[in-house]
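# Working through the structure, step by step
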Amino acid sequence: MNEDFDNPRILIVDDNPENIHLLSRNLEDDYEVMYATTGEKALEIAFSDDLPDLILLDIIMPGTDGYEVCERLKANAGTRDIPVIFLTGMNQIEDETKGLELGATDYISKPFRMPVVQARISAALRLKTEMDKRMMLARELQELNTDLEKRVTEKVAELRVAHEELKISENNYRSIFENALEGIYRSTPEGRFLTANPSMAGVLGYDSPGDLVSSVADIGLECYANPEDRKSLIDTLIRDGVIRGFETKMKKKDADIVWCSISARLIHDDQGQGLYIEGFCADISKQKEAEQALQESEARLRQAQKMEAIGTMAGGIAHDFNNILFPVLGYAQMLSDDIPKDSPFQSQLKEVIKGTLRAKNLVKQILAFSRHSDQKNKPLKIEIILKEVLKLSRATLPATIEIRQDIQNECGMVMADTTRIHQIVMNLITNAFHAMEDKGGTLTIALRKGDFTRENLPAPELSPGPYICLTVTDTGIGMDAATREKIFDPYFTTKEVNKGTGLGLSVVHGIVKTYNGRIVLESEPGRGTSFQVFLPRVMSEAENKAGTQKISARTGNERILLIDDEESITCMLRLMAERLGYQVTTHCSSTEALECFRSGPDNFDIVITDMTMPDMTGDRLSVELKKLRSDIPIILCTGYSEKIANHKAYEIGVDMVLMKPIVRNDLANAVRDVLDNRG
């Protein structure tokens, strides 16, 4: 609560009663809370005699919106000085900019955190109080000067009265000097305090002005955090005679640092020599903290926009890459069926198929990164993923970094997503690389299984049971206690600008917690760093074995309408389906396919269509096909928007969604499952 108000009145303006209730409940202990559910009601209250001290204002409301309310408040002389804080779900930059241009003190986006709202309310009330006091002081000074001029003019001939007036003036000045909220001082150009008021002593942490003047022999060395700032201030005063708003860090008596804003002038004698410096010194530490918070917020926003752009680009690359992989995989499988099983080319084709399947998994990782793919947990052998990542890392890390492996085979499995495990390992290896980038070193990767009881748990948050422990150790620069404390915070980074996002270890920490695991950090400056990741171990391998069972392709003789804008994919899918016994009609244009179907809806038993096509996308085509024949089975293929397609599938009548590239057995089973379920 702001101590400068007896009982501050806050007007909450929001058309949502729940928001009003939440804010009132959290503010009513410290403030007198009023509320209005419309802009018109808010203006009626604000223009009444019982003025609010601060207004929390929503933007989107029936009738008069928040922008108009703010504009009318600022246009009225009686209400223009009331602080207005927008509290709204509109979180675009242009919305915030408009609100601030209309005169709002602050702008908070929903959903909000009450401690932040309370802190900003307090800051706004303190700022208003300070501004009111400064205006009052300015008015008093103006009135004083006017009064002095009038008295001197009227009674210039009366020396005795003039002398008394002078004494009054001096007393008034002393009162202002002693009671001013800002620090006021006089010093020699060489750096010794001549006099100071109580506020000046308070800014620098001294008990009294006398204590300050007698204790400080050299302002530059004893009071400036950077003595060069004192030199810069003096140089400016010698050159210009005056300086305004000079911001610098000052050292308090207890060595704490305080930000100050100094305005001063150099007083000269008749010969033009500098006699002394008179100045004002204000503590602006709170303002600096607010500016820093704003800068950090803007940096996080820029980083989020950058990551969003990267994700969009990654999704587009994955889509195109899937279309390239699809024919390679399909033709390789068909070629493997055509040549004799004992042909020497079988082993080469096997490697081609294996490579394309690995590329397919890579695309899944890209799609997961770009938030276009669901992540499904299944039993995984981490040692297999770990060895694949190490192969990639060896090719990318410099020769100055030695990689050592201590991977225990048959560690068991964890219930996780492959992409997430890749993220954990790659982020930890990348962090180790940055720690050893300048001087090189040794990167050690270890994997062990262990069973822990309550007595020997490696982390207090873990539950007793079987675990797999992944350890990534480097011989880099290490971390001090302050860095270790913040290392898992989002956007915290010790790297240079453009060398890290500050998200890597935060992501690792979040993934590990999601899997009910824990990450343990050990590090000392100059002695390297070790991260231990403990993940619960899955005891049974039944699910993993079930996934490896080979299922033969299922055939049929139904009529298929096949649509894809990539001719190479259309040709490959046609050959694949014909080999399975189906009769296939193909089109590379969705609009042509629709006309073909319109001319004979009963000529086809099932439709297989791509999702992303020019003119008409696969989901729109499915809707049109259903209008012509509501019972036609449809399979939608996509290399990009699996999540979106699944969400819309039931709504638009799609029977199944397949993710590209599609292997032969997946296509065969999908067609049979859809047709047999219809039959």
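Residues numbered from 1 in each chain as written. Predicted model: local features only at pLDDT ≥ 70, side-chain atom pairs only at ≥ 80, totals over all residues. Heavy atoms only, no water.

For the rest of this paragraph, the subject is the pattern of salt bridges. In the structure shown here, the tally under the stated rule is 30 salt bridges. Residue K128 pairs with D132 through a salt bridge whose shortest N-O separation is 3.2 Å. Taken as a pair, K128 and D132 lie in helix 5 (residues 114-154) at a separation of 4 residues, close to a single helical turn. K128 sits in the buried class, given a relative accessible area of 17%. (Salt bridge = Lys/Arg side-chain N within 4 Å of Asp/Glu carboxyl O. Helix = DSSP H or I, 4+ residues; strand = E, 2+ residues; numbered from the N terminus. Buried < 20%, exposed > 50% of the residue type's maximum accessible area, 1.4 Å probe, protein only.)

Pairing in this open sheet of 5 strands is parallel, and the strands run 19-18-20-21-22 from one edge to the other. Strands at the two margins of the open sheet, each flanked by one partner only, are strand 19 (583-587) and strand 22 (656-659). Sheet twist, expressed as the average angle between the axes of neighbouring strands with direction ignored, equals 20°. Across 4 bridges, the pairing between strand 18 (residues 559-563) and strand 20 (residues 606-610) is parallel. Across the sheet, residue L561 finds its bridge partner in strand 20, namely V607. (Pairing = 2+ DSSP bridges. Axes fitted to C-alpha atoms, helices over the stretch in contact; angles between N-to-C directions.)

Quick look at the sheet that holds strand 7 (residues 193-196) now. Reading across from one edge, 7-6-10-9-8 is the order of the 5 strands in this open sheet, with antiparallel pairing throughout. In the strand order of this sheet, the two ends are held by strand 7 and strand 8 (242-251), each with one partner. Mean inter-strand twist for the sheet, computed between neighbouring axes without regard to direction, equals 30°. Taken together, the 3 bridges between strand 6 (residues 183-187) and strand 7 define a ladder with antiparallel strand orientation. Bridging from a neighbouring strand, R186 pairs with T195 of strand 7.

Next up on the list: unusual backbone geometry. Across the junction of K110 and P111, the peptide omega takes the value -5°, indicating a cis bond. With respect to the helices and strands, P111 occurs in the loop between strand 5 (106-109) and helix 5. The phi angle at D615 is positive, at roughly 70°, despite the residue not being glycine. When you line up the elements, D615 lands in the loop between strand 20 and helix 20 (618-628).

Moving on, we come to the nonpolar core. Counting 40 residues, the largest nonpolar core has I421, I424, L428, L443 and L470 as the members making the most contacts within it. Per-element accounting of this core gives the leading share, 8 residues, to helix 14 (residues 418-436). Counting 26 residues, the second largest nonpolar core, distinct from the first, contains M200, L212, C260 and I262. (Core = buried A, V, L, I, M, F, W, Y, C linked by side-chain atoms within 4.5 Å.)

This brings us to the packing of aromatic side chains. Applying the stated rule across the entire model yields 6 aromatic pairs. For the ring pair Y185 and F193, a centre distance of 5.9 Å and an interplane angle of 85° mean the geometry is edge-to-face. Each member of the pair Y185 and F193 is classed as buried. Aromatic side chains F452 and Y467 sit 5.9 Å apart centroid to centroid with 50° between the ring planes, which places their arrangement in the tilted category. Residue F452 is located in strand 14 (residues 441-452), and its partner Y467 is located in strand 15 (residues 465-474); the two are separated by 15 residues in the primary sequence. Side by side, F452 and Y467 carry an identical accessibility label, which is buried. Taken together, the ring pairs connect Y67, F86 and Y107 into an aromatic cluster. Across from the ring centre of Y276, 4.1 Å away, lies the NZ or CZ of R186, which sits over that ring. (Phe/Tyr/Trp six-rings, centres within 6.5 Å; stacked < 30°, edge-to-face > 60°. Lys NZ or Arg CZ within 6 Å of the ring centre and 35° of its normal.)

This paragraph deals with the environment of A225. Topologically, A225 is positioned in the loop between helix 9 (219-223) and helix 10 (227-240). Overall, A225 belongs to the partly exposed group, its relative accessible area being 36%. Sequence-wise, A225 and V258 are 33 residues apart; in three dimensions their C-alpha atoms are separated by 9.0 Å. With sequence-adjacent residues up to four places away left out, A225 is seen in contact with K249, M250, K251 and I257. (Contact = heavy atoms within 4.5 Å.)

With that settled, the discussion passes to the confidence of the model for the chain. Within the chain, residue pLDDT values average 83, and 89% of them lie at 70 or more. Here residues 497-502 is a poorly scored stretch, pLDDT under 50, and it has 12 contacts once near neighbours within four places are set aside; other chains count. This model gives residues 540-550 a pLDDT under 50, and the stretch forms 9 contacts once residues within four places in sequence are excluded. (pLDDT = per-residue confidence, 0-100.)

The next thing to look at is the packing of helix 13 (residues 382-396) against helix 14. Helix 14 packs onto helix 13 with a crossing angle of 45° between their chain directions and a minimal axis gap of 10 Å. Judged on the interaxial angle alone, helix 14 and helix 13 are oblique. Classified by chirality, the crossing of helix 14 by helix 13 is right-handed. Judged by residue contacts, I382, I385, L386, E388, V389, L390 and S393 of helix 13 engage T418, I421, H422, V425, M426 and I429 from helix 14. (Parallel < 35°, antiparallel > 145°, perpendicular 65-115°, else oblique. Left-handed = near helix turned anticlockwise from the far one by under 90°.)

Here we come to the pairing of strand 17 (residues 529-536). Buried residues dominate strand 17, accounting for 6 of its 8 residues. In this structure, strand 16 (residues 518-523) lies alongside strand 17, joined through 6 bridges in antiparallel fashion. By the bridge assignment for strand 17, S523 is matched with T529. Here strand 16 hands over to strand 17 after 5 residues, with G526 in that stretch at a positive phi of 80°.

Counting buried positions along strand 21 (residues 634-638) yields 5 of 5 residues, so the element is predominantly enclosed. Where burial is concerned, the two faces of strand 21 agree: the one with I634, L636 and T638 and the one with I635 and C637 are both buried. Viewed along the sheet, the connection from strand 20 through helix 20 into strand 21 turns out right-handed. Judged from the 4 bridges that link them, strand 21 and strand 22 form a sheet pairing that is parallel. Across the sheet, the residue bridging to L636 is V657, located in strand 22. (Right-handed = clockwise from strand over helix to strand, strands pointing away.)

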